Amino acid sequence: MMLNGPNLNLLGAREPELYGRTTLDALEADMTARAAEAGAELLCVQSNHEGTLIDALHDARQSCDGVILNPAGYGHTSVALRDALIACERPAVEVHLSNIARREPFRHKTLTADVAIGTISGFGVLGYRLALQALLAHLDALGEH
Ligand code: DQA
């Protein structure tokens, strides 16, 4: 599953100097194709609502082998999202389009990063591709892909 958090529905239009010009639709289409090429099926979910993101992580317990997560703003604030990521019991790669370490101090930490197997930050949409590669390699190593 590729799970994108709040405001990422506006990808392409929202602060393009920070987040780039690729739309969410284009990102999801590209990632779905890349996953298929690698023999995986990608479920794409985006929500602006904390509870919906949490529900998606609960559903992933049954339906997904791993998660690519851009928690967006909730990564910095949501203990509940962190708890859901733990409860999900699936390996997750955290992605941020921007380099959160170079931004305001409140963005430097996320509550989800130490639950993820790794984080990719600062490479725009390329980060999602790298995350897919990393997640599939991790699942291959576990014999689950
Ligand atoms: C973001 C970084 C977050 O700090 C911010 O709240 C976002 C997007 C990123 O992809 O760079 O919404 O997760």
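Residues numbered from 1 in each chain as written. Predicted model: local features only at pLDDT ≥ 70, side-chain atom pairs only at ≥ 80, totals over all residues. Heavy atoms only, no water.

Trainee: Please clarify how the site of the ligand should be interpreted in this entry.
Mentor: The full set of residues close to the ligand is Arg 14, Tyr 19, Asn 70, Ala 72, Gly 73, His 76, His 96, Leu 97, Ser 98, Ile 100, Arg 103 and Arg 107. In the model, an oxygen atom of the ligand is placed 2.8 Å from a nitrogen or oxygen of the Leu 97 main chain. The fraction of the free accessible surface of the ligand (320 Å²) that becomes covered by protein chains is 98%. Taken together, the residues of the shell around the ligand break down into 4 nonpolar, 5 polar and 3 charged. (Near = heavy atom within 4 Å. Polar contact = N/O pair within 3.5 Å; in protein donor to acceptor, adjacent residues only side chain to side chain. Areas by Shrake-Rupley, 256 points an atom, 1.4 Å probe, with all protein chains shown as cover. Nonpolar A, V, L, I, M, F, W, Y, C, P; charged D, E, K, R; others polar.)

Trainee: Is there a simple way to think about the pairing of strand β3 (residues 67-70) in this case?
Mentor: In regular strands, side chains alternate between the two faces of the sheet. Taking every second residue as pointing to the same face, both faces of β3 are buried, with Val 67 and Leu 69 on one and Ile 68 and Asn 70 on the other. Relative to strand β4 (residues 92-96), β3 runs parallel, the two sharing 3 bridges. Looking at β4, one finds that Leu 69 is bridged to Glu 94. (Buried < 20%, exposed > 50% of the residue type's maximum accessible area, 1.4 Å probe, protein only. Helix = DSSP H or I, 4+ residues; strand = E, 2+ residues; numbered from the N terminus. Pairing = 2+ DSSP bridges.)

Trainee: Can you help me understand the side chain of Glu 94 in this one?
Mentor: Tracing the backbone through its elements, the reader meets Glu 94 in strand β4. One buried charge, Glu 94, has no salt-bridge partner; the nearest side chain with opposite charge is Arg 82, at 8.5 Å. At 2.8 Å, the side chain of Glu 94 and the side chain of Thr 110 are in polar contact. Polar side-chain contacts of Glu 94 include one of 3.2 Å to the backbone nitrogen of Ala 113. Glu 94 has contacts with Leu 69, Pro 71, Thr 110, Thr 112, Ala 113, Ala 116, Gly 118, Thr 119 and Ile 120, leaving out every residue within four places of it along the chain. (Lys, Arg positive; Asp, Glu negative; His and termini not counted. Salt bridge = Lys/Arg side-chain N within 4 Å of Asp/Glu carboxyl O. Contact = heavy atoms within 4.5 Å.)

Trainee: Got a minute to help me understand the pattern of salt bridges in this structure?
Mentor: Any two side chains of opposite charge can pair if their charged atoms end up close together. Evaluated as defined, the whole model comprises 6 salt bridges. Ionic pairing is found between Asp 30 and Arg 129, a salt bridge with its closest N-O pair at 3.4 Å. With Asp 30 in helix α2 (residues 24-37) and Arg 129 in helix α6 (residues 126-142), this pair connects stretches of sequence that are 99 residues apart. According to the relative accessible area criterion, Asp 30 is partly exposed, its value standing at 26%. With a relative accessible area of 30%, Arg 129 lands in the partly exposed category. Its salt-bridge partner being Arg 61, residue Glu 89 comes within 3.6 Å of it at the nearest N-O pair.

Trainee: I keep staring at the sheet that holds β3 and nothing clicks. Help me out?
Mentor: By way of backbone hydrogen bonds, the strands of a sheet pair with one another, either parallel or antiparallel. In spatial order, the strands read β2-β1-β3-β4-β5; together these 5 strands make up an open sheet with parallel pairing. Each end of this open sheet is capped by a strand with a single partner; those strands are β2 (44-46) and β5 (118-121). If you compare each strand with its neighbour and ignore which way they point, the axes differ by 20° on average. Sheet topology places strand β1 (residues 2-4) next to β2; 3 bridges connect them, and they run parallel. Its bridge partner being in β2, Asn 4 is matched across the sheet by Gln 46. (Axes fitted to C-alpha atoms, helices over the stretch in contact; angles between N-to-C directions.)

Trainee: How should the side chain of Glu 28 be read in this particular structure?
Mentor: Here Glu 28 is to be found in helix α2. Despite being buried, Glu 28 has no salt bridge partner; Arg 14 is the closest side chain of opposite charge, sitting 13 Å away. Among residues more than four places away in sequence, those in contact with Glu 28 are Met 2, Cys 44 and Gln 46.

Trainee: What am I meant to see in the state of the cysteines here?
Mentor: By definition, a disulfide links the sulfur atoms of two cysteines through a covalent bond. Per the stated rule, a full pass over the model turns up 0 disulfides. Between Cys 44, a free cysteine, and Cys 64, which holds the nearest cysteine sulfur, the sulfur-to-sulfur gap is 10 Å. Judged by relative accessible area, Cys 44 falls into the partly exposed class, the value being 24%. Of all cysteine sulfurs, the one in Cys 64 lies closest to Cys 88, which takes part in no disulfide; the gap is 7.7 Å. (Disulfide = S-S within 2.5 Å.)

By themselves these figures say nothing about function.
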